Every structure is written in C-alpha cells, then in structure tokens.
Amino acid sequence: MTLRSDVAELLAQAGITDMDVDAAVADEHVRSAAYRRVVSALASSRNRGRDRAVVATILRDPHEMASKTAVVALVDEIAGQVTGPAEFRRWSDVLLPEIDRLKTEAFREFIRRRVLDWQCCLSVEDGHVPTPDELAEVTDWMQRHLAERSMSSAVLAVVAESARTRKTRNIARSRAGNRPR
C-alpha cells in the first residue's frame, strides 16, 4: 500500500469527500487534519470493529507525529464514550498491539501512558478511589484532570495529598474544600 492509497481509503471509509487526497499526501499538516477527521468519524460510529485496522493504516504514515496525534485523539474520544473501565480496557487491548508499528519509542510510550491514564480515570468515575501509588502511575496531565473534574471528596483528598505538582494539589485541595460534605 502507498501513502496515497492509504489516505484515499481512510477518507473514503469515513465518508469524507471534501478533502484533496493529493494535498494530504503532499503536506503532513493537511494529512494530520485528515486523520483527525477520520478518527472523529470513526469514534462517532457505534461499531468498534474497524478501529484496529484504521489505526494500523494511520500508523503506516512515515510522519509519525501525525500518526501519534491521530491515535491519541482516537483514544481520548473513545475514553469519553465507553460505559466504563472494563469496556475501555477491552477496546485498548485490541488496539495496543498496533502501537508497535511506531518506530519512535517515545511516541509508543506516550500512547500507552494515555491509555493507562484513561483506565485510571474511568475507574475513578466508576467509584474507585486511587491509592497514592496508583495516582503516582498516571501522568501529571491525568492528575490535574482528576483534580479539576472529580466529584468525589475521597478522590480529591488523595490528589490533594499525593499529586506530583503543587498546582494540582492546590486545585484538588480547593475543590475538596468547596464540596458539600
């Protein structure tokens, strides 16, 4: 498969007809925008059966930053749609083997970390209160996400005591103090 055929196939499968395939092939910024639209269309589908194949196709792109960005966007969108941590874990277990297509270890690790972050977040949303050790396993981004969005006083207390950054601890502390008891 060539880059052109991959891009053309992805756009066609997503029903995107207003993008110039040749422009996307010639310019990684245009291609990255195309991938984001493909991922958005894919995520809005109820059928998860094509996700792995689409990710595999995107990850063949020689411009790995565009690939990584698209896959992270898909992970983020799916995390926002699943019914809970078990569904997300099943979905990500199917997807993660494709990540090894990336040559850049930092990109592979970034995607794996994002998946772990969302697994933690979805678990918290499902009622789990993370231990300080569990909180230490997620990124600063997810710690702050939990500090800013969690509605659980118990979760906010753990984040207020155990987050890596002072700013995140302060956000959690402030929100925990403003929560009804």
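Refer to the structure presented above.
These remarks concern the structure in this document. This structure is a prediction, so every number in the text was calculated from the model and none was measured.

**So, the side chain of His145**
Part 1: Its location among the elements puts His145 in helix α9 (residues 140-149).
Part 2: Its relative accessible area of 12% is what places His145 among the buried residues.
Part 3: For His145, the residues in contact, after removing those within four places along its chain, are Trp118, Cys121 and Ser150.

**Topic: the packing of helix α6 (residues 85-95) against helix α7 (residues 105-125)**
Part 1: At a minimum axis distance of 9 Å, the contact between α6 and α7 shows a crossing angle of 160°. Here α6 is positioned roughly antiparallel relative to α7, judged by the angle of their axes. As for how α6 packs across α7, the hand of that crossing is left-handed. When α6 is examined against α7, the residues Pro85, Phe88, Arg89 and Ser92 are found in contact with a partner set consisting of Val115, Trp118, Gln119, Leu122 and Ser123.
Part 2: The residue inventory of the contact of α6 with α7, partitioned by class, reads five nonpolar, three polar and one charged.

**What to know about helix α4 (residues 51-58)**
Part 1: For α4, the buried fraction is high: six of the eight residues fall into the buried class.
Part 2: Within α4, burial applies to Asp51, Val54, Val55, Ala56, Thr57 and Ile58.
Part 3: Residues of α4 that are buried in the fold lie against α1 (3-14), α3 (28-44), α5 (64-79) and α6.

**Topic: the pattern of salt bridges**
Part 1: Evaluation of the coordinates by the stated rule reveals 14 salt bridges.
Part 2: Among the salt bridges present, the one from Glu98 reaches Arg52, with a minimum N-O distance of 2.6 Å. Note that Glu98 is positioned in the loop between α6 and α7 and Arg52 in helix α4, a separation of 46 residues in sequence.
Part 3: Measuring nitrogen to oxygen at the nearest pair gives 2.8 Å for the salt bridge that ties Asp100 to Arg112. Separated by twelve residues along the polypeptide, Asp100 in the loop between α6 and α7 and Arg112 in helix α7 bring together distant segments of the chain.

**A closer look at the environment of Val94**
Part 1: In this structure, Val94 sits in helix α6.
Part 2: Distance from Val94 to Ala43, taken between C-alpha atoms, is 15 Å for residues 51 residues apart in sequence.

**A word on the environment of Ala176**
Part 1: Its place among the elements puts Ala176 in helix α11 (residues 166-177).
Part 2: Owing to a relative accessible area of 16%, Ala176 belongs among the buried residues under this scheme.
Part 3: Between the alpha carbons of Ala176 and Val155 there is a distance of 8.9 Å; along the sequence they are 21 residues apart.

**Concerning the nonpolar core**
Part 1: Ranked by size, the top nonpolar core spans 53 residues in total, and within it Leu11, Leu74, Val75, Phe88, Leu146 and Val159 carry the most contacts.
Part 2: Other than its neighbours up to four places away in sequence, Leu146 contacts Cys120, Cys121, Val124, Leu135, Leu156, Val159 and Arg175.

**Quick notes on the packing of aromatic side chains**
Part 1: Per the stated rule, a full pass over the model turns up two aromatic pairs.
Part 2: Between the aromatic rings of Phe88 and Trp91, the centroid separation amounts to 5.7 Å while the plane-to-plane angle is 35°, which identifies the pairing as tilted. Of this pair, Phe88 and Trp91 both sit in helix α6, three residues apart, which is roughly one turn of the helix. Here the two residues Phe88 and Trp91 agree in accessibility, since each one is buried.
Part 3: Summarising the aromatic geometry, the rings of Trp118 and Trp141 are spaced 5.5 Å apart at their centres and angled 80° between planes, so their arrangement reads as edge-to-face. With a gap of 23 residues between them, Trp118 in helix α7 and Trp141 in helix α9 connect regions that are remote in the sequence.
Part 4: Relative accessible area serves as the criterion here: at 37%, Trp141 is assigned to the partly exposed category.
Part 5: Sitting over the ring of Phe110, Lys68 keeps its end group 4.3 Å from the ring centre.

Definitions and limits used
- Residues numbered from 1 in each chain as written.
- Predicted model: local features only at pLDDT ≥ 70, side-chain atom pairs only at ≥ 80, totals over all residues.
- Heavy atoms only, no water.
- Helix = DSSP H or I, 4+ residues; strand = E, 2+ residues; numbered from the N terminus.
- Buried < 20%, exposed > 50% of the residue type's maximum accessible area, 1.4 Å probe, protein only.
- Contact = heavy atoms within 4.5 Å.
- Axes fitted to C-alpha atoms, helices over the stretch in contact; angles between N-to-C directions.
- Parallel < 35°, antiparallel > 145°, perpendicular 65-115°, else oblique.
- Left-handed = near helix turned anticlockwise from the far one by under 90°.
- Nonpolar A, V, L, I, M, F, W, Y, C, P; charged D, E, K, R; others polar.
- Salt bridge = Lys/Arg side-chain N within 4 Å of Asp/Glu carboxyl O.
- Core = buried A, V, L, I, M, F, W, Y, C linked by side-chain atoms within 4.5 Å.
- Phe/Tyr/Trp six-rings, centres within 6.5 Å; stacked < 30°, edge-to-face > 60°.
- Lys NZ or Arg CZ within 6 Å of the ring centre and 35° of its normal.

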